[in-house]
Amino acid sequence: MTVKKKICMLGTFAVGKTSLVSRFVHGIFSERYQTTLGVKIDTRDVQLGEHALTLLVWDLNGEDSFQRVRDSYLRGSSGLILVVDGTRADTLEPALALRRRALELVGDVPTALLANKLDLRSGWTIEQARLDELADAGLGVQHTSAATGEGVAEAFTWLAERMLEA
Amino acid sequence: MSRSPARTDLARELLELATFGRDAAWLLLDDDGRLLRAGGELAAHALDGLRIGDDATRALPMLVGCLPPPSEGLHLPAVSAGSGRPLDVALRALDDGVLVLLLEARTELDLLSAMQQSNHDAELAMAATLRRLVPLQGALAGLGLRVLLRDADGALCALTPAPRWLSSARAHDAPPGARLSRQELTPFLDHFLGDAEAIWTADGAGRLRSGPWTEQDGPRERALEAEALRLPDGTCVLLVAEVDATFREQRDVLQAARASKLEYDRLRREIEQKELLLHCIVHDLNGPLATILGSLSMLHKRHADDARSTRLVEMGLEQARRQESRIRQVLDVFSAEIASMQGFSTDPEHAPDAAAAAARVARTLQPAFQHKGVRLRLLPDPLDARRSRVVGDADRLERVLENLLENALRHSSRDQAVTLALRDDGHEVVITVEDQGPGVAPEMADTLFEKFGRARHGGGAAGLGLFFCRYTVLSWGGSIVHEAVRPHGARFVVRLPRPRARDAGRPATSP
């Protein structure tokens, strides 16, 4: 029997949420940045051992001073993916703030933190020590590149496994 | 922006109107009244002879002078040319024309109401609602809206054809009247219905918007928005509108704003890197200057009896000191911005004594004032050491006072006075530096504390002194303002909070 699980992609704008979903679900990447307005839901079936899962991936608009993530979108989430831009250290705290808000609504669900844009490593500004702290606190921290695909499947798989265990 | 109201708003109005009448017909006209499209019960109102391009105001003279309608729409009373019964005529401006809706005013409706009241069977009630609203199908579909009605059991029934993108399970369009279970809807709609139930099961009319979302429809991506309505008569409706044009418009604006923000951040980082480079260069320039100053000082002593040499050495010394002062300002500003603003004291025991700092700075600068013939007055200090402690750092506080006094001296002439004063103002210590110079020109007032603000107008040295003062004082939770002095002169007022907690060295917040 296939189990459906809802995952919400959270983070500020232009960190690569849509690109990560596109890479994970469709295996494609576009250099063109197009901001997300509202929500787009994609699904992907995954097989974890004997368990068949349908992941409903909610790609939510990035939150900033122009746009806020609606709390109602978060309802029913089984897992969260926080996305931060490794070249913009200031994208980390807004993502963590979104997670706090989400956990208040949906309870303690597993969370993966994706430090994205690994292909731009030369411009990396996010501190590894801070990521290590968050990993120690239980987040599944993964360096990813939607452009090359590095780490993307691993991050979704890690979260799917945690959601099955929950 | 679109000139029309949200189409779901319009649909809500139509649906509410429909609870008061039947035999509805609709026309879409251009602003001159020529027919673009039409639908509904046209024959009931003797409008079935109208053809595309005809002047509709001939058949409906009440429209003359009403086209185009105002943005909030128009409601006109009329009489049907077909039935002779009273009509409600509603006009709304849309993107592609003016929608004219004709509805018979409430008269004989009541068979349907009676059916609903006497029979609690949900499907019969739904059929009655459908029958009442069916005349609106054309108008609603013409607006690009999909309308589903919720019955008493919570099932949804399509009033307009339900396309495949509305349902994740159906491979073909669901015809009007087809019932859809929640599970058949796309995941977003299924999720939204959870919130919509709160509106549908509440007392009284209500509405809830979903916000935009996108659905894949083959190769095409559709932007949609749903709205749950509970009409005044209790009818529960789910409207789904394609919002492509509005969506694209909003997304383009948002994208432009975010692209600007990203570009701004990129430039800011680039400037920071350049400032870092500048700092390194300036720092390197300062190294040889110490040697030059030392050498000139030795020369000055050795040639004290040679008036011409002494004058030349003094000129060299003066220029070297000016250069050193400018370099120090640049380095101060840099360190204030980048690094050393992190530590300052809010501990009463260790916080700097503003009165002592003022006295020290006044003593240091007294010779320069004397040299220029300007009097420096330090007003009698009424504050004891305990009352004159302020949040801050002693060295930087002295630097702030030095900058303000040097600034005052620079703009003063012989025989004028500069006054440095301190006073107790409750939770704050107020320090003022007042001169009798020409004052600040009005065109400089707005940018006085900005980086290079005064230099831009040719008024200061490097244009960094006041910027440093403001940055430093704000980072301690204080303030600095400029006030004009009549008949001429400038007064700078620094307010610094008194220390209250023993938490020395907390990080500063950027101003």
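Cut-offs and rules
- Numbering of residues begins from 1 in every chain and follows the order in which that chain's sequence is written.
- Chains and ligands are labelled by the order in which they are written, letters from A for the one and numbers from 1 for the other.
- With pLDDT at 70 or above as the cut-off, local features in this predicted model cover only qualifying residues; side-chain atom pairs require 80 or more to be listed or tallied, and sums for whole chains, interfaces and linings still use all residues.
- A run of H or I in DSSP counts as a helix once it spans at least four residues, and a run of E counts as a strand once it spans at least two, with each numbered from the N terminus.
- Whether two residues are in contact depends on their C-beta atoms, placed from the backbone: they are in contact if these lie within 7 Å.
- Burial in this document is a count-based property: other C-beta atoms within 10 Å of a residue's C-beta are tallied, and the residue is buried at 20 or more, exposed at 12 or fewer, or partly exposed in between, with C-beta positions derived from the backbone.
- How far a helix is expected to stretch is found by multiplying one less than its residue total by 1.5 Å.
- Two axes define the bend at a residue: one fitted to the seven residues ending there, one fitted to the seven starting there, and the bend is the angle between them.
- Here the rule is simple: two strands pair whenever DSSP picks up at least two bridges between them.
- Geometry is summarised by axes, namely lines fitted to C-alpha atoms with helices restricted to the contacting stretch, and by angles between N-to-C directions that run from 0 to 180 degrees.
- By the convention adopted, Pro, Cys, Tyr, Trp, Phe, Met, Ile, Leu, Val and Ala count as nonpolar, Lys, Arg, Asp and Glu as charged, and the other residues, Gly among them, as polar.
- The term nonpolar core refers to a set of buried Ala, Val, Leu, Ile, Met, Phe, Trp, Tyr and Cys residues connected through C-beta atoms within 7 Å.
- Left-handed describes a crossing in which the near helix is turned anticlockwise from the far one by less than a right angle; the clockwise case is right-handed.
- Predictor confidence is given residue by residue as pLDDT, running from a minimum of 0 to a maximum of 100.

With that settled, consider the overall build of chain A. The helix and strand inventory of chain A stands at 5 helices and 6 strands. In chain A, once contacts between residues fewer than 6 apart in sequence are set aside, the share between residues at least 24 apart is 73%.

This next bit is on the overall build of chain B. For chain B, the helix and strand inventory stands at 13 helices and 16 strands. Out of the 511 residues in chain B, the part that is buried amounts to 36%. By sequence separation, contacts in chain B at least 24 residues apart represent 57% of the contacts at least 6 residues apart.

This next bit is on helix H6 (residues 187–200) of chain B. Residue and element names in this part refer to chain B. Here H6 is 14 residues long and its end C-alpha atoms lie 20 Å apart, about the 20 Å a rise of 1.5 Å per residue gives. The largest bend along H6 measures about 35 degrees and falls at Gly194. Three or more residues of H6 are buried, namely Pro187, Phe188, Leu189, His191, Phe192, Leu193 and Ala196.

The next subject is the environment of Leu28(B). The residue Leu28(B) is located in strand E1 (residues 25–29) in this model. The sequence separation of Leu28(B) and Leu91(B) amounts to 63 residues, and the corresponding C-alpha distance is 9.6 Å.

The next subject is the sheet that holds strand E14 (residues 428–435) of chain B. All names here are of chain B. In spatial order, the strands read E12-E13-E14-E16-E15; together these 5 strands make up an open sheet with mixed pairing. The open sheet has two edge strands with one neighbour each: strand E12 (375–378) and strand E15 (479–484). Averaged over all adjacent pairs, the angle separating strand axes in this sheet is 15 degrees, with direction ignored. As judged from the 7 bridges shared by strand E13 (residues 417–425) and E14, these two strands associate in the antiparallel manner. Paired with Arg423 across the bridge in E14 is Val430.

So, on to the sheet that holds strand E4 (residues 79–85) of chain A. The mixed open sheet is built from 12 strands, whose spatial order is E6(A)-E5(A)-E4(A)-E1(A)-E3(A)-E2(A)-E9(B)-E10(B)-E11(B)-E6(B)-E7(B)-E8(B). Strands at the two margins of the open sheet, each flanked by one partner only, are strand E6 (140–143) of chain A together with strand E8 (179–180) of chain B. Two elements, strand E1 (residues 2–10) of chain A and E4(A), share 4 bridges in a ladder whose sense is parallel. Its bridge partner being in E4(A), Ile7(A) is matched across the sheet by Gly79(A). Against the sheet, helix H5 (residues 152–165) of chain A engages E1, strand E2 (39–48), strand E3 (51–60), E4, strand E5 (111–116) and E6 of chain A, with an angle of about 165 degrees to E6(A).

A few words now on unusual backbone geometry. In the segment running from Leu67(B) into Pro68(B), the intervening peptide bond is cis, with an omega of -10 degrees. Here Pro68(B) shows up in the loop between helix H2 (56–59) and strand E3 (74–79). In this model, Arg486(B) is joined to Pro487(B) through a cis peptide bond whose omega is 5 degrees. Turning to its location among the elements, Pro487(B) is positioned in the loop between E15 and strand E16 (490–497). The phi dihedral of Ala14(A) is positive, around 60 degrees, even though this residue is not glycine. Among the secondary structure elements, Ala14(A) is positioned in the loop between E1 and helix H1 (17–26).

Facing the 15 residues of chain A at the interface are 16 residues of chain B. When residues of the side of chain A that touches chain B are assigned to their parent elements, the largest contribution, 3 residues, is made by E2(A). By residue class, the composition of the side of chain A that touches chain B is 7 nonpolar, 6 polar and 2 charged. As paired strands, E2(A) and strand E9 (residues 206–217) of chain B are joined by 2 bridges and run parallel to one another. From the neighbouring strand, Lys40(A) faces E9(B), where its bridge partner is Thr214(B).

Okay, the nonpolar core next. A general trend in soluble globular proteins is that nonpolar side chains are found buried together. If you look at the biggest cluster of nonpolar residues, it comprises 75 residues, and the most contacted ones within it are Cys8(A), Leu10(A), Trp58(A), Ile81(A) and Leu148(B). Ignoring sequence-local partners within four residues, the contact set of Leu148(B) consists of Leu156(B), Cys157(B), Ala158(B), Leu159(B), Ala162(B), Leu180(B) and Leu238(B).

So, about helix H4 (residues 128–136) of chain A. Counting buried positions over the 9 residues of H4(A) gives 0, only a small fraction of the element. Looking one or two places after H4(A), you find Gly138(A), whose phi comes out positive at around 110 degrees.

Attention now goes to the pairing of E15(B). Residue and element names in this part refer to chain B. Note: E15 against E16, 6 bridges, orientation antiparallel. Residue pairing across strands places Ile480 opposite Val494, the latter belonging to E16. Taking the residues that link successive antiparallel strands as the turn, the E15-E16 hairpin has 5 residues, and the phi of Gly489 there is positive, at about 130 degrees.

The subject of this paragraph is the packing of helix H9 (residues 354–372) of chain B against helix H10 (residues 394–410) of chain B. Between two packed helices, both the angle of their axes relative to each other and the distance between the axes serve to describe the pair. Residue and element names in this part refer to chain B. Where H9 meets H10, the axes come as close as 9 Å, and the angle between the chain directions of the two elements is 35 degrees. Viewed along their axes, H9 and H10 form a crossing whose handedness is right-handed. Here Ala354, Ala357, Ala358, Arg360, Val361, Leu365, Ala368, Phe369 and Lys372 of H9 lie close against H10, whose contacting residues are Ala394, Leu397, Glu398, Leu401, Glu402, Leu405 and Leu409. By residue class, the composition of the contact of H9 with H10 is 12 nonpolar, no polar and 4 charged.

Here the focus is the confidence of the model for chain A. Residue-level pLDDT values for chain A average 93, and 100% of them are 70 or greater. Here H4(A) is the element of chain A with the lowest mean pLDDT, 91, and E5(A) is the one with the highest, 98.

All names here are of chain B. On average, chain B scores 77 in pLDDT, and the residues at 70 or more come to 75%. Note that residues 106–124 has pLDDT below 50 and, in this model, 15 contacts with residues that lie over four places away or in other chains. Segment residues 502–511 is flagged for pLDDT under 50; beyond a separation of four residues in sequence, or across chains, it makes 20 contacts in the model.

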